[in-house]
Amino acid sequence: MSTRPHPPHQVLVLQGGGALGAYQGGVYEALAAQGLQPDWVVGTSIGAINGALIAGNPPERRVARLREFWQLVGHDDPLAPLAALPFGAWLMPWIAAGDLASTMALGIPGFFQPRPGGALNINLPVPTRDAGFYDTAPLRATLKQLVDFDYLNDGPMRCTVCAVDIASGELVAFDSRRQELTPEHIMASGALPPGFPPVIIDGKAYWDGGIYSNTPVDIVMDDAERRDTLCFMVDLWDPTEAEPRSIGDAMARQKDIQYASRTGEHLEDHRTMQNLRRAVEILARQLPPASRDDPTLRALAELGCTSTINIVRLILKSDPDDGYNKDIDFGRERLRRRWQRGVRDGERALRHKSWLRPLPEPMGMVIHELPQED
């Protein structure tokens, strides 16, 4: 009988962040190139879309499907080459403003399109499913084209996406192990108001899970308490950026802080709890045999666990020319740079492999953060 320990349960957690999500595609490409395939993918907003593209395709097709999606939603920016000129830095705010105006006026192919009269009818009553400036029907068609939902629901990888129940204000996790996921569940996770309308599922209206919690780490930690887990978290908003030097910088910084969702604080809370569980288990082993039969002590001992959790956290660092609209900047060149940065950061994390080191016995959870590069 083999005594070799079981490999850890592998989880991929994908934060929301719109056009920044190309970074997650690059990270996944790096992981897949080394044969790392998660058992479970958990995502919010664009993370839910990327997660569905991964879980909803067999391993040999996943990277290609991710690339196809990001190629579809990207657009060429004819002014982008001007940024390389000597006066390019001065032009960047104007280039970004033109790109933002184009996106707002025309939408993004395969993702969303303007709703006729939407901006003029803010206070007019409309059906709940139409309460948004844009129509996301193109995203539904894209998901049906690129995601095999039969495979997603019956395949080897568990998929969970998060949305907010508008009526209750509570976060809801749609989970392929508990229900059949459809394009609507993925769209609900990315229905960010007021741009995108609510998505109706079984008579209830849902919005983007990011307005409640943009990084669904709690779902993973609550599930991971009783088994060894290796979790790759791919965050799109850096909570440690520089202080703003302009109003545009302030708008960008506000988004960074808001959508980072206090992830570091949540992780520290979970690390404290997991380490306490390990400590309880160690203390319980020291009890004399006679005390182990005491019902009260036995109940307390059951709160302990032997499992370890390794969190590998990768965070997208903003480019110098990123503006306050970076999450809706779908210019192909910028999407390409974010994807390549994801590949590079994924490869760097895999070279470190610090999560392979055995943890000291009292320690139940370790957070491995990739040092930032200039």
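Residues numbered from 1 in each chain as written. Predicted model: local features only at pLDDT ≥ 70, side-chain atom pairs only at ≥ 80, totals over all residues. Heavy atoms only, no water.

(A) Layout of helix H9 (residues 247–260). In this model, H9 (14 residues) spans 20 Å end to end at C-alpha, consistent with the 20 Å of a helix rising 1.5 Å per residue. Buried within H9 we find Ala-252, Arg-253, Lys-255, Asp-256, Tyr-259 and Ala-260. Along the long axis of H9, the arc covered by the buried residues comes to 155°, so they all point the same way. For H9, the exposed residues lying more than 90 degrees away from the buried face are Ile-247 and Ile-257. Packing partners of the buried residues in H9 comprise helix H10 (263–285). Backbone geometry just after H9 places Ser-261 at a positive phi near 60°. (Helix = DSSP H or I, 4+ residues; strand = E, 2+ residues; numbered from the N terminus. Expected span 1.5 Å × (residues − 1). Buried < 20%, exposed > 50% of the residue type's maximum accessible area, 1.4 Å probe, protein only. Arc of directions from axis to C-beta. Contact = heavy atoms within 4.5 Å.)

(B) Expanded view of the pairing of strand S10 (residues 309–315). Of all 7 residues in S10, 7 are buried, a share of seventy percent or more. Of the two faces of S10, the one lined by Ile-309, Ile-311, Arg-313 and Ile-315 and the one lined by Asn-310, Val-312 and Leu-314 are each fully buried. Two elements, strand S9 (residues 229–235) and S10, share 7 bridges in a ladder whose sense is parallel. The partner of Leu-230 across the bridge, within S10, is Asn-310. As paired strands, S10 and strand S11 (residues 365–369) are joined by 5 bridges and run parallel to one another. Within S11, the residue paired with Ile-311 across the bridge is Ile-367. (Pairing = 2+ DSSP bridges.)

(C) Quick look at a negative patch on the surface. Judged by side-chain charge, Asp-148, Asp-150, Asp-154 and Glu-180 come together as a negatively charged surface patch. One can find Asp-148 in the loop between helix H5 (137–146) and helix H6 (149–154). (Patch = residues over 30% accessible without salt bridge, like charges linked within 9 Å, V, L, I, M, F, W, Y side chains within 5 Å. Areas by Shrake-Rupley, 256 points an atom, 1.4 Å probe, with all protein chains shown as cover. Salt bridge = Lys/Arg side-chain N within 4 Å of Asp/Glu carboxyl O. Lys, Arg positive; Asp, Glu negative; His and termini not counted. Charge placed at Lys NZ, Arg CZ, Asp CG, Glu CD.)

(D) Up close: the pattern of salt bridges. Scanning all chains against the criterion turns up 19 salt bridges. With its nearest N and O atoms 3.0 Å apart, the salt bridge here joins Asp-175 to Arg-178. Under the relative-accessibility criterion, Arg-178 is labelled exposed at 62%. With its nearest N and O atoms 3.8 Å apart, the salt bridge here joins Arg-344 to Asp-345. For Arg-344, a relative accessible area of 33% translates into the label partly exposed.

(E) Region of interest: unusual backbone geometry. The omega torsion of the bond from Pro-193 to Pro-194 falls at -5°, within 30 degrees of zero and hence cis. With respect to the secondary-structure elements, Pro-194 resides in the loop between helix H7 (183–189) and strand S7 (199–201). A positive phi angle, near 60°, is found at Ser-45, a position not held by glycine. Mapping Ser-45 onto the fold places it in the loop between strand S2 (40–44) and helix H2 (46–55). If you check the backbone angles, Asp-202 has positive phi at about 50° while not being a glycine. Inspection of the secondary structure assignment puts Asp-202 in the loop between S7 and strand S8 (204–208).

(F) Focus on the packing of aromatic side chains. Enumeration over the complete set of coordinates arrives at 9 aromatic pairs. Seen from their ring centres, Trp-70 and Phe-330 are 6.5 Å apart, and the 20° between their planes marks the pair as stacked. Here Phe-330 lies in the loop between S10 and helix H13 (332–352) and Trp-70 lies in helix H3 (residues 59–73), a separation of 260 residues in the sequence. On the numbers, 6.0 Å between centres and 45° between planes, the contact of Phe-111 with Phe-196 is tilted. (Phe/Tyr/Trp six-rings, centres within 6.5 Å; stacked < 30°, edge-to-face > 60°.)

(G) Representation of a nonpolar patch on the surface within the structure. Taken together, the side chains of Ile-247, Met-251 and Tyr-324 define a hydrophobic patch exposed on the protein surface, amounting to about 300 Å² of accessible area. Take Ile-247: it is sitting in helix H9.

(H) Expanded view of the packing of H3 against H5. Viewed as axis vectors pointing N to C, H3 and H5 meet at an angle of 155°, and their least axial separation amounts to 11 Å. Relative to H5, H3 is oriented roughly antiparallel. Here H3 runs over H5; the crossing is right-handed. Of H5, the residues touching H3 (which contributes Arg-65, Glu-68, Phe-69 and Leu-72) are Leu-139, Thr-142, Gln-145 and Leu-146. When grouped by side-chain class, the residues that make up the contact of H3 with H5 number 4 nonpolar, 2 polar and 2 charged. (Axes fitted to C-alpha atoms, helices over the stretch in contact; angles between N-to-C directions. Parallel < 35°, antiparallel > 145°, perpendicular 65-115°, else oblique. Left-handed = near helix turned anticlockwise from the far one by under 90°. Nonpolar A, V, L, I, M, F, W, Y, C, P; charged D, E, K, R; others polar.)

(I) The arrangement of the environment of His-75 in detail. Secondary-structure assignment places His-75 in the loop between H3 and helix H4 (88–106). The buried category is assigned to His-75, whose relative accessible area is 17%. Linking His-75 and Glu-333, residues 258 residues apart in sequence, is a C-alpha distance of 8.7 Å. Here His-75 is in contact with Asp-99, Thr-103, Ile-108, Phe-330, Gly-331 and Arg-332, once residues within four sequence places are set aside.

(J) Spatial organisation of the nonpolar core. Leu-12, Ile-49, Phe-69, Trp-70, Phe-111 and Phe-232 are the most contacted members of the largest nonpolar core, which has 65 residues in total. No other element matches the 7 residues that H2 contributes to this core. Setting aside anything within four residues of it in sequence, one finds Phe-111 in contact with Ile-46, Ile-49, Val-73, Asp-135, Thr-136, Pro-138, Leu-139, Phe-196 and Phe-330. Counting 14 residues, the second-largest nonpolar core is a separate cluster that includes Val-13, Cys-231, Leu-267 and Ile-309. (Core = buried A, V, L, I, M, F, W, Y, C linked by side-chain atoms within 4.5 Å.)

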